[in-house]
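Results of the structural survey
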Amino acid sequence: MFAGRFRHFKAQLHIPACQRLLNGPKQVGDLFGMIGGLICKAVSKTVIENGGGNVSLFAFAKGQGLSEHSAPFDALVQIIEGEAEIKIGGVAQKLSAGESVIMPANVPHALSATQNFKMLLTMIRK
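Residues numbered from 1 in each chain as written. Predicted model: local features only at pLDDT ≥ 70, side-chain atom pairs only at ≥ 80, totals over all residues. Heavy atoms only, no water.

1. Thoughts on the confidence of the model for the protein
To keep things clear, this is the line we draw: The predictor attaches a confidence to each residue, called pLDDT, with possible values from 0 through 100. The contact definition used throughout considers only heavy atoms, calling two residues in contact when any of these lie within 4.5 Å.
When pLDDT is averaged across the protein, the result is 77; 67% of the residues are at 70 or more. Between residues 1-28, whose pLDDT stays under 50, and residues either more than four places distant or in other chains, the model counts 51 contacts.

2. Quick word on the sheet that holds strand β11 (residues 109-113)
Backbone hydrogen bonds hold the strands of a sheet together, and the pairing may be parallel or antiparallel. The criterion, for reference: Only strands joined by at least two bridges in the DSSP assignment are considered to pair. By the criteria applied, helices consist of DSSP H or I runs no shorter than four residues and strands consist of E runs no shorter than two, each listed in order from the N terminus. Geometry is summarised by axes, namely lines fitted to C-alpha atoms with helices restricted to the contacting stretch, and by angles between N-to-C directions that run from 0 to 180 degrees.
Across the sheet, four strands lie side by side as β6-β11-β8-β9; this open sheet has antiparallel pairing. With partners counted over all chains shown, the strands left at the sheet margins are β6 (65-69) and β9 (91-96), one partner each. Going from strand to strand, the sheet's axes swing by 20 degrees on average, the running direction of each strand aside. Note: β6 against β11, three bridges, orientation antiparallel. Of the residues in β11, the one forming a bridge with His69 is His109.

3. Some points on the packing of aromatic side chains
The geometry of two aromatic rings is summed up by the distance between their centres and the angle between their planes. Rules: Only centres within 6.5 Å qualify two rings of Phe, Tyr or Trp (six-membered ring in Trp) as a pair; their planes then separate them into stacked at under 30 degrees, edge-to-face at over 60, and tilted for everything else. Each residue gets one of three labels from its accessible area relative to the maximum for its type: buried under 20%, exposed over 50%, partly exposed in between, using a 1.4 Å probe on protein chains only. Whether a charge sits over a ring depends on NZ of Lys or CZ of Arg being within 6 Å of the ring centre and within 35 degrees of the ring normal.
Summed over all chains, the structure comprises two aromatic pairs. Consider the rings of Phe58 and Phe60, whose centres lie 6.0 Å apart with planes at 5 degrees: the pair is stacked. Residue Phe58 shares its accessibility class with Phe60, and that shared class is buried. Relative to Phe117, the ring of Phe60 lies with its centre 5.2 Å away and its plane at 15 degrees, an arrangement referred to as stacked. Taken as a pair, Phe60 in strand β5 (residues 53-60) and Phe117 in strand β12 (residues 117-124) lie far apart in primary sequence, 57 residues in all. Given the relative accessible area of 0%, Phe117 is considered buried. Ring pairs connect the aromatic residues Phe58, Phe60 and Phe117, which therefore count as one cluster. Sitting over the face of the ring of Phe73, Arg125 holds its NZ or CZ atom 5.9 Å from the ring centroid.

Here it is, written out as structure tokens:
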């Protein structure tokens, strides 16, 4: 039911080693450096958060994940590195670097790292 609807595109994703962050004027940061290079567990770091939503960077070691839950807002997941299985509304799909998926509000979702992976999560509040 959801598989074709939520897997939107695969594109080249190039994130420079040093990128301007959106949490303040003239602040520059290394997105990967925010969560460290060695992944042995699940790690997250908020890049920006305000009344309109938030952007968070996550890193998961192989076998780690998030159990099924839902959120009251739509969220965009962008896989930056590695591979994960993401289940949305009971439908599992494997995503790898450069792929994105939208997790709609109030639809149960879960994820599991099939290998070490990093993702950027953008949640927009209505």
